[in-house]
Amino acid sequence: MPERTRNGFLAFIALIFRGINLFRLVVLNLVFFLLLLWLILLAGDHPVNIRKQTVLVLHPQGQLVEQSSLDPLQRALNGMSGQSSDQVQVRDLISAINHARTDKRISRILLLPGDLSAGGFAALREVGAAMDRFRASGKTIDVWAPDMDRSQYYLAAHGSHVLLDPMGGLMITGLSSYRLFYKDLFDRIGVNVHLFRVGQYKSADEPYVLDQASQASKTADAYWMGGLWNQWLDDVASQRKLQPKQLRKIVDSVPDRLASTGGDIARLALDDHLVDGLATRQQVLTMLRKQGVPPGNEGHGIRQIDMQQYLKAVSGPTPPMRESVAVVVAQGDIVGGNQGPGRIGGGSTSALLRKARQDKHIKAVVLRVDSPGGEVYAAERIRRQVQLLRKSGKPVVVSMGDVAASGGYWISMDADRIYAEPNTITGSIGIFGLVYNVPDLLSKLSVHSDGVAVGPLADARDITRPLDPQLATLMQARIEKGYRDFVGGVAKARGMTYAQVDAIAQGRVWTGRQALKRGLVDQLGGLRDAVAYAGKKAGLGPNPSVRYLEQHGTNAFQRLLLNFSDSAAAQVLAHVGLRVPRWLAPMMRASGPELHLLQMAKPGKLNVYADCLCTPH
C-alpha cells in the first residue's frame, strides 16, 4: 500500500510539471506571435530607398505562371519562413523590367535564371520581349547561371552578356511527349474503361484504352512539336546572331564534339558562342564593380535590389477607379464550380467576366488563356459570358499563353480578336467521354453485385455493373453532338464553314503560327498587344489603364503579412535566424489535383470533356 501511495504521489507531481510545461509553451508561443504582430505593424508600408546606380537582381525561383495559385496568406508565410513560393508570375517579371527601363536609379539588370522552371515557351517569349525593350533603352542585362536548360537559356539569350559557371553546363535538349499507358494494367486488375470520342487525333484519352500511342497521335504530335522546336531555334539564333541552321547543327553535334574539350560542356558552350564568358558568381560581382557598380552594404558585393522589394517600391498607392481594360486570367484545367486563384472554375471565372460586364469603369476585357481544357459544360458557361460581354458593347480580346487548346480554345473562340504567340499550343478541337466499371475486379476479389432494377437505365451509373449498351449509345450520341456544337461554334465565330473547321479540327494540335495559317487565331502577339488592341477598340487609346480581376482579394491582415514578408525588417530577422517555423507554410498549402483519370471519369456522372495533354518535355 505505501508503495502504491508513493507511485500515485509521483504521478500527481509529474502531472503538475506537465501542466506547468504546457502553460510555459502556450505563453512562449503567445509572446512569439504577439512579437511577430508588433513587428508586422512596425514594418508597415515603410518606403524602400533605392539609390542611384542600383542593380535590379532578377532571381526567379520556381514555376513561371500567369497567376499564382497560392493565396496571400500562403505567400506571406513562405516569405516569412525563408522559403520561395515555387511560383513566379509572368506579370511580376515583366512589370519589374518595364519599370526599371525608365527608372534612372536602376543602372542595369542582373538575371539569374538557374532556378526558373517554365512549362512552355509563350510566357518566356513575353518576358524576353520585355528584356529586349529594356536593352533598347541603352541599359545592360547581365545573365549568370551555374547551369542552364533549354527554357532557362531561351530567356538568357535575350541578355546583353551571358555568363556560365566554369564548372557548370548548358544542356539544350529537344522536345518530347511520352505518356504512360494503362490498358494492360486495367485488363489485368479487371477495370473496364469505355471511351466515347470524336476526332481522329484526339489523344488525351488514349492512355486508358490503348497500350501505346496511336500512329495518328504520333504524326500530329511530331508536327506541332517540330514547329515549336523550329521556333525555339529561330528565336535563340536571332538573339545570338547565328543562323537557325547553324544553331541546329551546334545543338545536334554536342555529344560528338564534347570529347574535344575533355568533357568540359561549359567550355564547349563558350567555343560555340552560345555564352559570352565563363565566371564564378564572385567573379561576376567583381566584374560589375570594375564596370562602375557601387558596393553594397558595408562595402561588400554590389548595390542591388531584388524583384519583390523593387515592385513594392514602385507600386505606389492604389489609383482611383477610372476607365480601364480588365485582364481576367484563365489558367489551368477547366472544372466546374468555384475555384481559387490560378485555377479555372465554370462558376468563378464566369463570375469574374460577369463582374467586368457590370462594372461601369471597365470598358474592355482581355481574357488571358493558359489552359489545356477540361469539362465542356464549365467551358461553355465561360464562353457564354464572353458572348454577353460583347453584346453589352464591351470588346473581348483573347491573349493565348503557353497553352490554349481544346477547352482552352472553346472559351476563346467567341472573342473579338485572338492573339497567340508563335509558340503557343492551341487547337485540339475535339471532345471525348470516359466511363469505367469494375465488375471483373470485384469478381477477382470474390465479390458479386446482384439485385433488381426498375425502369430504363436504372443501373446505368452503377460501376459495379457491366456497361449498359443503351448507355453506350446515349454517350456516343452526346459526344457526337458536342463535337458538332464545338466545330459549328468555331465556324460561326471565325467566319468559316463547318467543313473548313472540321478539316483542321479532329482533335489536332497546332502551334500559334500554324493556327494563324489555318484561321484559328487572328494575329501573332502577346498580352501587351492584346491590351493595346482592346484599349483602342474601347476608345481608351493604345496605352490604357489595366486592372487584373482576381477571384479573391486580400484583406487588411493578409496585406500586412505580405508587406512584412517583403520588408527589410523580415530580411534582417531571417538573416539572424528568426523566421516563422518552416512547418507552418506547408501546413497551409492546398492539396494537389486529383489523379487525371479519377477527375475525368467520375462515377455516377456523365461528363463530357474537351481536354488536351499537350505539354512537351
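Small disclaimer: the values here were computed from a predicted structure and weren't measured.

Colleague: Lay out the overall build of the protein chain in plain terms, naming residues and giving numbers.
Modeller: The secondary structure content of the protein chain amounts to 24 helices and 23 strands. Taking all 617 residues of the protein chain together, the buried fraction comes to 49%. The contacts in the protein chain between residues at least 6 apart in sequence include a share of 77% that link residues at least 24 apart. Working note: accessible area of the protein chain is about 29800 Å², and carbon and sulfur atoms make up 55% of it.

Colleague: How would you explain the sheet that holds strand β9 (residues 277-278) if you had to name every residue and give the values?
Modeller: Overall, parallel pairing links the six strands, which are arranged β9-β7-β6-β4-β1-β10 in an open sheet. Strands with a single pairing partner mark the edges of an open sheet, and in this sheet they are β9 and β10 (304-306). Pairing of strand β1 (residues 54-58) with β10 involves three bridges; the strand directions are parallel. The residue bridging Leu-56 from the neighbouring strand is Ile-305, located in β10. The sheet strands contacting helix α4 (residues 122-136) are β4 (106-111) and β6 (140-148), and the helix crosses β6 at an angle near 140°.

Colleague: Got a sec to walk through the environment of Ile-334? Specific residues and values, please.
Modeller: Note that Ile-334 resides in strand β12 (residues 334-335). Ile-334 sits 37 residues away from Ser-371 along the chain, and the two C-alpha atoms are 7.4 Å apart. Apart from the residues within four sequence positions on either side, Ile-334 is in contact with Ile-344, Ser-371, Gly-373, Gly-374, Glu-375, Ala-378, Ala-379, Ile-382, Gly-407, Gly-408 and Ile-411.

Colleague: Would you mind going over the packing of helix α13 (residues 346-358) against helix α14 (residues 376-391) in detail, with residue names and values included?
Modeller: The interhelical angle for the contact between α13 and α14, taken along N-to-C directions, is 5°, at an axis separation of 8 Å. When the axis of α13 is compared with that of α14, the two are roughly parallel. Where α13 abuts α14, its residues Gly-346, Gly-347, Thr-349, Ser-350, Leu-353, Arg-354, Ala-356 and Arg-357 lie against Ala-378, Arg-381, Ile-382, Gln-385, Val-386, Leu-388 and Leu-389. Split into classes, the residues belonging to the contact of α13 with α14 amount to seven nonpolar, five polar and three charged.

Colleague: I'd like to hear about the nonpolar core, residue by residue, with values.
Modeller: The biggest cluster of nonpolar side chains holds 63 residues, and the ones touching the most others in it are Leu-56, Leu-58, Tyr-153, Trp-232 and Leu-247. Among the elements that take part in this core, helix α7 (residues 215-239) stands out by supplying eight residues, more than any other. Counting residues in each nonpolar core, the second largest holds 55 residues, with Leu-352, Leu-471, Met-496 and Trp-510 among its members.

Colleague: Describe in detail the confidence of the model for the protein chain, supporting the description with residues and values.
Modeller: For the protein chain, per-residue confidence averages 85 on the pLDDT scale, and residues scoring 70 or more make up 81% of the total. pLDDT under 50 marks residues 553-580. Its contacts with residues more than four places away, or in other chains, come to 53 contacts.

Colleague: I'd like a description of the packing of aromatic side chains, backed by residues and values.
Modeller: Scanning the entire structure with this criterion turns up seven aromatic pairs. Seen in terms of ring centroids, Phe-121 and Tyr-154 are 5.9 Å apart; in terms of plane orientation they differ by 45°. Their pairing is tilted. Linking Phe-121 in the loop between β5 (116-117) and α4 with Tyr-154 in helix α5 (residues 150-156), this pair joins segments that are 33 residues apart in sequence. A single burial state applies to Phe-121 and to Tyr-154, both of which are buried.

Colleague: Before we move on, can you summarise the pattern of salt bridges with the specific residues and values?
Modeller: Applying the stated criterion to the full structure yields 20 salt bridges. When the shortest N-O distance is used, the salt bridge between Arg-105 and Asp-103 registers 3.0 Å. Put simply, Arg-197 and Glu-206 hold a salt bridge, and the shortest N to O gap is 4.0 Å. Classification of Arg-197 as partly exposed rests on a relative accessible area of 28%. The network of salt bridges with shared partners includes Glu-380, Arg-383, Arg-384 and Asp-414.

Colleague: Quick rundown of the environment of Ser-412? Include the residues and the values.
Modeller: By the secondary structure assignment, Ser-412 is in the loop between α15 (407-410) and β17 (417-420). Taking the C-alpha atoms as reference points, Ser-412 and Ala-379, 33 residues apart in sequence, are found 9.5 Å from one another.

Colleague: Quick rundown of unusual backbone geometry? Include the residues and the values.
Modeller: We note that Lys-241 has phi near 60°; this positive angle belongs to a residue other than glycine. As for its position among the elements, Lys-241 is in the loop between α7 and α8 (244-252).

Colleague: I'd like a description of the sheet that holds strand β2 (residues 62-65), backed by residues and values.
Modeller: With parallel pairing, three strands are arranged side by side in an open sheet as β3-β2-β5. If you trace the sheet from one side to the other, it starts and ends with β3 (87-89) and β5, each paired once. Relative to β3, β2 runs parallel, the two being bridged by three bridges. In the strand pairing of β3, Leu-64 is matched with Val-88.

Colleague: Requested: an account of empty space enclosed by the protein, with residues and values cited.
Modeller: Under the counting rule described, the total for this entry stands at four cavities of 30 Å³ or more. Partitioned by chemical class, the residues of the lining of the second largest cavity number six nonpolar, three polar and three charged.

Colleague: Describe α8, naming the residues involved and giving the relevant values.
Modeller: Residues separated by three or four positions in an α-helix point in the same direction, a consequence of the helix having 3.6 residues per turn. What α8 keeps buried is the set Leu-247, Ile-250 and Val-251. The buried residues of α8 occupy an angular sector of 95° when the element is viewed end-on, so they sit on one face. Of the residues in α8, the exposed ones pointing more than 90 degrees away from the buried face are Lys-245, Lys-249 and Asp-252. Elements that come into contact with the buried residues of α8 comprise α7 and α9 (254-257).

Colleague: Please give an account of the pairing of strand β7 (residues 161-170) that cites residues and values.
Modeller: Within a regular strand, the side chains alternate between the two sheet faces. When you tally the buried positions in β7, you get seven out of 10 residues, the bulk of the element. Sheet analysis places β6 next to β7, joined by six bridges and oriented parallel. Within the sheet, the bridge partner assigned to Val-143 lies in β7 and is Val-162. As defined by bridge partners, β7 adjoins β9 across two bridges and the pair is classed as parallel. Directly across from Leu-164, in β9, lies its bridge partner Leu-278.

Colleague: Can you tell me about α14, naming the residues and giving the values?
Modeller: In this model, α14 (16 residues) spans 22 Å end to end at C-alpha, consistent with the 22 Å of a helix rising 1.5 Å per residue. Within the sequence span of α14, burial applies to Val-376, Ala-378, Ala-379, Glu-380, Ile-382, Arg-383, Gln-385, Val-386 and Leu-389.

Colleague: Explain the packing of helix α3 (residues 90-102) against α4 to me, and be specific about the residues and the numbers.
Modeller: Relative to each other, α3 and α4 sit at 5°, their axes nearing to 9 Å. Comparing their axes, α4 and α3 come out roughly parallel. Side by side, α3 and α4 meet where Val-90, Leu-93, Ile-94, Ile-97, Asn-98, Ala-100 and Arg-101 of the first sit next to Ala-123, Glu-126, Val-127, Ala-130, Met-131, Arg-133 and Phe-134 of the second. Residues of the contact of α3 with α4, tallied by class, amount to 10 nonpolar, one polar and three charged.

Colleague: Break down the side chain of Gln-331 for me, with residues and values.
Modeller: Note that Gln-331 resides in strand β11 (residues 324-331). At 2.7 Å, the side chain of Gln-331 and the backbone nitrogen of Glu-66 are in polar contact. A distance of 2.8 Å separates the side chain of Gln-331 from the backbone oxygen of Gln-67, its partner in a polar contact. When sequence neighbours within four positions are dropped, the list of residues in contact with Gln-331 reads Val-65, Glu-66, Gln-67, Gly-342, Arg-343, Ile-344 and Asp-370.

Rules and cut-offs
- Residues numbered from 1 in each chain as written.
- Predicted model: local features only at pLDDT ≥ 70, side-chain atom pairs only at ≥ 80, totals over all residues.
- Heavy atoms only, no water.
- Helix = DSSP H or I, 4+ residues; strand = E, 2+ residues; numbered from the N terminus.
- Buried < 20%, exposed > 50% of the residue type's maximum accessible area, 1.4 Å probe, protein only.
- Contact = heavy atoms within 4.5 Å.
- Areas by Shrake-Rupley, 256 points an atom, 1.4 Å probe, with all protein chains shown as cover.
- Pairing = 2+ DSSP bridges.
- Axes fitted to C-alpha atoms, helices over the stretch in contact; angles between N-to-C directions.
- Parallel < 35°, antiparallel > 145°, perpendicular 65-115°, else oblique.
- Nonpolar A, V, L, I, M, F, W, Y, C, P; charged D, E, K, R; others polar.
- Core = buried A, V, L, I, M, F, W, Y, C linked by side-chain atoms within 4.5 Å.
- pLDDT = per-residue confidence, 0-100.
- Phe/Tyr/Trp six-rings, centres within 6.5 Å; stacked < 30°, edge-to-face > 60°.
- Salt bridge = Lys/Arg side-chain N within 4 Å of Asp/Glu carboxyl O.
- 1 Å grid on protein atoms, 1.4 Å probe; cavity = no way out; pocket = protein on both sides within 12 Å on 5 of 7 lines; lining within 4 Å.
- Points joined across faces, edges and corners; volume = space filled by probe spheres on them.
- Arc of directions from axis to C-beta.
- Expected span 1.5 Å × (residues − 1).
- Polar contact = N/O pair within 3.5 Å; in protein donor to acceptor, adjacent residues only side chain to side chain.

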